[in-house]
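Coordinate analysis (summary)
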Amino acid sequence: MLPTPGGDDPDRPAGLRIGPFDLADRVDEALRVQAVAFGLSEEEVGIRRYIVQRHMTCRGARALGAFTEDGALAGFVYGMPNDRAYWWSSVVEPYLRAEGHDGWLDGAFVITELHVHPGFQGHGVGRTLITRLTDAAEEPRSILSAIDTESPARGLYRALGYADLARQVHFPSASLPYAVMGAPLPLRRA
């Protein structure tokens, strides 16, 4: 069980250490955080293990983690420069084109996943993870997809400068529609 968050140091949200980590090596730990934060079944976790490991072999892919004092993973983010040949891009491109936003697929850093254990949510962990990851991006903008409903995650993305580029995006394996959001880099600060 992860400890209760604490501390007021803005460079260490919730008293955590934020830094790079080998996501492929710690994929099971990351997927446990994602399963709790996102409500994944064991079957979904198994499918995502392969996807995460494949993503981490892509050009420019990198990950950051939020770690407790004892080294447990409390949250993580990963992403990579976009490539129109990637599956995600091929799915979202028609939706973006219909809205006149398919140019966002070029010169963009994609936030592939961002998840924070519920015990650490609401303490700036997600904000710190995503801003630190995108601060290192060479691309002029960032894109991501999020479930197309009003949620704390969508609120965070909007606060960082992300705006809806396409809504009601349907991924073949997802039961709920998604929104594709984009923001210029660097992301907006609080």
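Provided above is the structure to which this section pertains.
Below you will find a few notes about this structure. (Residues numbered from 1 in each chain as written. Predicted model: local features only at pLDDT ≥ 70, side-chain atom pairs only at ≥ 80, totals over all residues. Heavy atoms only, no water.)

1. What about the overall build of the protein?
- Within the protein, the regular secondary structure consists of five helices and seven strands.
- Counting from the amino terminus, the protein carries its helices and strands in the arrangement β-α-α-β-β-α-β-α-β-α-β-β.
- Here the C-alpha atoms of the protein give a radius of gyration of 16 Å, agreeing with the 16 Å that 2.2 N^0.38 yields for 190 residues.
- The principal-axis extent of the C-alpha atoms belonging to the protein is close to 45 × 35 × 30 Å.
- Here the protein holds 190 residues, and the buried ones make up 48% of them.
- Total accessible area on the protein is roughly 9,500 Å²; 52% of this is exposed by carbon and sulfur atoms. (Helix = DSSP H or I, 4+ residues; strand = E, 2+ residues; numbered from the N terminus. Rg over C-alpha atoms; globule rule 2.2 N^0.38 Å. Buried < 20%, exposed > 50% of the residue type's maximum accessible area, 1.4 Å probe, protein only. Areas by Shrake-Rupley, 256 points an atom, 1.4 Å probe, with all protein chains shown as cover.)

2. Things to note about the environment of Pro118
- With respect to the helices and strands, the residue Pro118 is situated in the loop between strand 4 (108–116) and helix 4 (125–135).
- C-alpha separation for the pair Pro118 and Val36, spaced 82 residues apart in sequence, amounts to 7.3 Å.
- Not counting residues within four places of it along the chain, the set of residues in contact with Pro118 comprises Val36 and Ala37. (Contact = heavy atoms within 4.5 Å.)

3. Observations regarding unusual backbone geometry
- Looking along the chain, the bond that leaves Leu185 and enters Pro186 is cis, with omega of 0°.
- Topologically, Pro186 is positioned in the segment after strand 7 (178–184).
- Residues other than glycine seldom take positive phi values, yet Gln168 does so here, at roughly 55°.
- You can see Gln168 is positioned in strand 6 (residues 163–169).
- Given the relative accessible area of 42%, Gln168 is considered partly exposed.

4. Quick word on the pattern of salt bridges
- Across all of its chains, the model carries twelve salt bridges by this definition.
- A salt bridge links Glu29 to Arg26, with the nearest nitrogen and oxygen atoms 2.7 Å apart.
- Connected through salt bridges with shared partners, the residues Asp148, Glu150, Arg154, Arg158, Asp164 and Arg167 form a single ionic network. (Salt bridge = Lys/Arg side-chain N within 4 Å of Asp/Glu carboxyl O.)

5. Some details on the sheet that holds strand 5 (residues 141–147)
- As summarised here, the arrangement of the seven strands in space is 1-2-3-4-5-7-6, forming an open sheet in which the pairing is mixed. What marks the edges here is a single partner per strand, and that holds for strand 1 (17–20) and strand 6. Averaged over all pairs of adjacent strands, the angle between strand axes in this sheet comes to 20°, irrespective of strand direction.
- As paired strands, strand 4 and strand 5 are joined by four bridges and run parallel to one another. Across the sheet, residue Phe109 finds its bridge partner in strand 5, namely Ser142.
- In this fold helix 4 packs onto strand 1, strand 2 (62–67), strand 3 (73–81), strand 4 and strand 5, with an angle of close to 155° to the strand it touches most, strand 4. (Pairing = 2+ DSSP bridges. Axes fitted to C-alpha atoms, helices over the stretch in contact; angles between N-to-C directions.)

6. Topic: the packing of aromatic side chains
- All chains considered together, the criterion is met by four aromatic pairs.
- On the basis of an interplanar angle of 85° and a centroid distance of 5.7 Å, the ring pair of Phe21 and Phe67 is categorised as edge-to-face. Taken together, the residues span a long stretch of sequence, with Phe21 in the loop between strand 1 and helix 1 (27–38) and Phe67 in strand 2 at a distance of 46 residues. With respect to burial, Phe21 and Phe67 carry one shared label: buried.
- Ring plane angle 70° and centroid distance 5.8 Å describe the contact between Tyr157 and Tyr162, whose orientation is recorded as edge-to-face. Each member of the pair, Tyr157 as well as Tyr162, carries the same accessibility label: buried.
- These aromatic residues form a ring-pair network of at least three members: Trp87, Phe171 and Tyr178. (Phe/Tyr/Trp six-rings, centres within 6.5 Å; stacked < 30°, edge-to-face > 60°.)

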